[in-house]
Amino acid sequence: MISLLMFRRILSIASSSKQIYTIMKKLSQNSLNNSSTQTPLFQLYIQRHDINNAYRLFLKITNKSNYIYTTMIKGLISNNMLDKVLDLFDEMKIQPSRITLTMLFSVCARINNDRAKQTGRKFLNEMSKDFLNDNILLNSAINMLMKFGDVKNAEDLFQIIKKKDIITYGAMMKGYTLNKMCDKALDLFEQIELNLSNVSYSIILNACAQLSNDRAKKIGRRLLDEIPEKFKENKYIQSSAIDMLMKFGDIKNAEILFKMFEQKDIITYGAMMKGYNINNEPLKSLKLFEEIKKNEIKIDKVVSLILIDTCAKIGIRSICESTLNQFPSYLYNNQYICNALISMWGKAGLVKNAQQIFESVDQPDVITYNAMINAYGKNRMGLEAVDLYRKMPNNLRNEISYICILNACSHSGLLDEAYSIFNEISHKTQQVITTMVNCLSRLFLFDEAKQLIEDYEKCNAPYSVMYMALLSGARNSRQSHLSQEIHKRMQLLFPNEKNHLISASILLCNISSSLGDHEEAQALRLDRIKEFGNKAKVGLSWTEVNGEVVQFTAHDQSHPRSKEIYAEAQRISTELIKYGHVHDASWITRPLGEHETAESVLCSHSERLAIAFNFIEGRKPSFIQITNNLRVCGDCHQATKLIAKIRQVEIVVRDANCIHHFSTNGTCSCQDHF
């Protein structure tokens, strides 16, 4: 039999797995079955990253030590063979060590399926009591339980730990944040008497960002001021701080902080760009992309997804195309990227492009299907959305699938299809029922919508979004009595939901104005300002001409060519009147000023200025695209149909509700159902 010393010398000169295999063939079977030769051979396979041969040999080793298990688990984890780790523990014949258990809990947290939960809980329950003083092991167990959503058992384990370190506190706070219990994360933070680590700062800032209430803002800003100098250049703390300020809506201080950083990397840029997107400032996000290119920083998958979201928010085809042309080609092989692109092209009104990407995906997942169904729905292609939904495997459908398809039916007026799909859904969640209420309200079927709400409230607490859907439908049908009834009920049921009460008051005010009752509207407006402050959302429109993306607000005078834009808007208005258009003053939601007319106010809406901008200098475009952050008003919708016909130009307008395709024959894809 070959000696152990000789065997190790032979292995040490082998330069590849192929050479090792050749040596093994020449050895006797007895030599290979000997544990003294198996162990060094196993070690060599691991060192050479030959994980498959290492695993085969591991299965042959009869007396496996904890060292062998630990080495094998490390190898499997480094090669992302996590299910094999669970297989290994299922067959384990010895008591696992602290190290192997720590690794197991980490693997179970990453996999986080039913099998992982069962395995992780089993080994945690059977764990030796001698291990209860090992913080590293228990921190890993807390992280695992939090990933499982098992907050109670994580809290029980946390209480057992006598000497809690900052990592233990971090695991709990991160777990609370993960489980949308940020108040508890902040409660725990205020109990900490230890020095915070860089990771702890990021966790607390993230909790404040997610919560974004008065308490979170106070703690987050105080923490930001107290961060030690040694952590201020930490890129993870930087990105967490920017993310927090952006979620607070504090763009100014986020920008100041961003400029203070001496070394900006792709993570810092990504946090800033994402923040601009959150705050409806996608043009600023695009400018940062230009800065990234100038500084020759390579974009990664995360920033690519943020950029796709930027393009989706702007919704201008040419911007989408020019930005995507700068992406590395390998990114298009990533399914997350493909899913985001389907959504982006849908929002840009180019459904064909979305379809091409959908068809290029070998194995569409639930997000792929949902993105495509939503793209059809936004573009009023309800029948195509229903067809794809029917082709979607039943096991893939989730709550978002139901919301997307019901919205698609709603936008296209497909009531029978909506009812059919709604009745098929076995578990109707709060969001699914809300979507159906919205569908019925959009079609002015208010009795049916109210009945759905009544049925829901028999077993559940009232939900403000359902009432907002009902109120929005009442506003579209100008039902003053119903609107007042809904508004009063909302004030009674949801006295603390400030944002929804503001939105409801604005809708009610708009209904009064549309019916010519400006005194009532003004009274409602003053009451709202007195109670909540002046927080009405400013209407914005974007358009692109010759590579320049321009943003307009209503009555905007800020553009350097403002005089030309207003002169063109007036020419268009004159043409509209000539073709029989009557400006509908019912869409004006405030009293007219001394020198204002219905025509001057309506022709100064942001989308009308954006359309006029496309025609200055005598330009004759064949295609115009505009993105609005609010819903288009009825007068602008009617005017845009006529402009498309008179000027023989295709116009695509995306508003907060859907995408309108105005054809040169004077029709809109929404068939006036908006």
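The rules behind these values
- Residues numbered from 1 in each chain as written.
- Predicted model: local features only at pLDDT ≥ 70, side-chain atom pairs only at ≥ 80, totals over all residues.
- Heavy atoms only, no water.
- Pairing = 2+ DSSP bridges.
- Helix = DSSP H or I, 4+ residues; strand = E, 2+ residues; numbered from the N terminus.
- Axes fitted to C-alpha atoms, helices over the stretch in contact; angles between N-to-C directions.
- pLDDT = per-residue confidence, 0-100.
- Contact = heavy atoms within 4.5 Å.
- Parallel < 35°, antiparallel > 145°, perpendicular 65-115°, else oblique.
- Nonpolar A, V, L, I, M, F, W, Y, C, P; charged D, E, K, R; others polar.
- Phe/Tyr/Trp six-rings, centres within 6.5 Å; stacked < 30°, edge-to-face > 60°.
- Buried < 20%, exposed > 50% of the residue type's maximum accessible area, 1.4 Å probe, protein only.
- Lys NZ or Arg CZ within 6 Å of the ring centre and 35° of its normal.

- The protein has the name DYW domain-containing protein in an unreviewed UniProt entry, where Adineta steineri is given as its organism.

## Re the sheet that holds strand β4 (residues 650–654)
In step 1: On the basis of which strands lie adjacent, the open sheet formed by five strands has the order β2-β1-β3-β4-β5 and mixed pairing. Strands with a single pairing partner mark the edges of an open sheet, and in this sheet they are β2 (548–553) and β5 (659–662). The sheet shows a mean angle of 20° between the axes of neighbouring strands, direction not considered.
In step 2: Relative to strand β3 (residues 623–628), strand β1 (residues 540–545) is paired through three bridges, and the arrangement is antiparallel. Along β3, the bridge assignment pairs Trp542 with Thr627.

## Focus on the confidence of the model for the protein
Detailed reading of the predicted coordinates is not advisable wherever pLDDT falls low.
In step 1: Looking at the protein as a whole, its pLDDT mean stands at 88, while 91% of the residues score no less than 70.
In step 2: With pLDDT under 50 throughout, residues 1–7 is counted as low confidence; its partners more than four residues away or in other chains account for 14 contacts.
In step 3: Low pLDDT, under 50, characterises residues 25–31; the predicted model gives this stretch seven contacts beyond four residues in sequence or across chains.

## Quick word on the packing of helix α28 (residues 430–442) against helix α30 (residues 464–476)
Each pair of packed helices can be summarised by the angle the axes make with each other and by the distance between the axes.
In step 1: For the pair α28 and α30, interaxial distance at closest approach is 8 Å and the crossing angle is 10°. Here α28 is positioned roughly parallel relative to α30, judged by the angle of their axes. Contacts between α28 and α30 involve Gln430, Ile433, Thr434, Val437, Asn438 and Ser441 from the first element and Val465, Met466, Ala469, Leu470 and Gly473 from the second.
In step 2: In the contact of α28 with α30, the residues fall into six nonpolar, five polar and no charged.

## Describing the packing of aromatic side chains
In step 1: Counting across every chain of the model gives 10 aromatic pairs.
In step 2: Here Phe58 and Tyr69 contribute two aromatic rings whose centre-to-centre distance is 5.5 Å and whose plane-to-plane angle is 75°, an arrangement assigned as edge-to-face. With a gap of 11 residues between them, Phe58 in helix α5 (residues 51–60) and Tyr69 in helix α6 (residues 66–78) connect regions that are remote in the sequence. Neither residue differs from the other here; Phe58 and Tyr69 are each classed as buried.
In step 3: A network of ring pairs unites the aromatic residues Tyr55, Phe58 and Tyr69 as a single cluster.
In step 4: Positioned over the ring face of Phe613 is Arg619, at 5.7 Å from the centre of the ring.

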